[in-house]
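Summary of the model geometry
Listed below, chain by chain, are the residues.
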Amino acid sequence: QVQLVESGGGLVQAGGSLSVSCAFSGRTFRMYAMGWFRQAPGKEREFVATITWSSRLYYADSVKGRFTISRDNAKNTVYLQMNSLKPEDTAVYYCAAGQVFPGIEEGQYDYWGQGTQITVSS
């Protein structure tokens, strides 16, 4: 069974930067594409970014140019570097593991982390 554990959330001012990470365990990391999703209060969970084993990338338009997804295959970890943060980026951020690329729908992922809160103050 795959386990995903996010870390690195917190509070940041608008325009600032924050990085979150997600540690993968339980299966072979290279078999999975990894994705980040987010859910703001009162809204549905939405796709943010995804990356394959070979680092093929795909981003939501709302974060393109500001967020960077990466993975360290030796450490079984995926990262999301967030720059130029805006108040509308405030959400719980979830990492997910799946075998579809580009996985932009929740149903394309098999495993989910517990989420980490990112709050951007104006």
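You'll find the structure just up there.
A few points on the structure. Note that the structure is a prediction, hence the values are computed from the model and not measured.

We now examine the packing of aromatic side chains. Following the criterion strictly, the structure yields eight aromatic pairs and no others. Considering the side-chain rings of F37 and Y109, the 5.2 Å spacing of their centres and the 85 degrees angle between planes classify their relative orientation as edge-to-face. Residue F37 is found in strand β4 (residues 33-39), and its partner Y109 is found in strand β10 (residues 109-112); the two are separated by 72 residues along the sequence. Pairwise contacts between aromatic rings join F37, F47, Y58, Y109 and W112 into one cluster. It is R45 that lies over the ring of Y94; its NZ or CZ is 4.5 Å from the centre.

What follows covers the side chain of E6. Here E6 lies in strand β1 (residues 3-7). At 7.4 Å, R45 is the nearest oppositely charged side chain to E6, a buried residue that forms no salt bridge. Of note is the side chain of E6, whose polar atom sits 3.0 Å from the backbone nitrogen of Q114. When residues no more than four places from it in sequence are discounted, the contact partners of E6 are S21, C22, W36, Y93, Y94, C95, G113, Q114, G115 and T116.

Quick look at the pattern of salt bridges now. The full count for this structure, using the stated rule, is five salt bridges. We note a salt bridge from D61 to K64, for which the minimum N-O separation is 3.1 Å. Here the residues in one salt-bridge network are R38, E46, R66 and D89, joined through shared partners.

What counts and what doesn't
- As a convention, each chain's residues are numbered from 1 in the sequence order in which they are written.
- This being a predicted model, a pLDDT of at least 70 is required before a residue's local features are given, and a value of 80 or more before pairs of side-chain atoms are given or counted; all residues contribute to the totals for chains, interfaces and linings.
- Side-chain numbers come from the whole structure's heavy atoms, not from hydrogens or water.
- Only Phe, Tyr and Trp rings take part, Trp by its six-membered ring, and two of them pair if their centres are within 6.5 Å. Stacked means planes under 30 degrees apart, edge-to-face means over 60, and tilted covers everything else.
- Every helix listed is a DSSP run of H or I at least four residues long, and every strand listed is a run of E at least two residues long, numbered separately from the N terminus.
- Counting as a charge over the ring demands two things of the Lys NZ or Arg CZ atom: a distance within 6 Å of the ring centre and an angle within 35 degrees of the ring normal.
- Relative accessible area decides the class of each residue, using a 1.4 Å probe on protein chains only: under 20% of the type maximum gives buried, over 50% gives exposed, and in between gives partly exposed.
- Asp and Glu are treated as the negative residues and Lys and Arg as the positive ones, with His and the ends of the chain left uncounted.
- Any Lys or Arg side-chain nitrogen located within 4 Å of an Asp or Glu carboxyl oxygen qualifies as a salt bridge.
- N or O atoms within 3.5 Å of each other form a polar contact, as long as, within protein, one can give a hydrogen and the other can take it, and as long as residues adjacent in sequence are counted only when both atoms are side-chain atoms.
- What makes two residues a contact is simply this: any of their non-hydrogen atoms within 4.5 Å.

No statement about biological role is implied by the geometric values presented.
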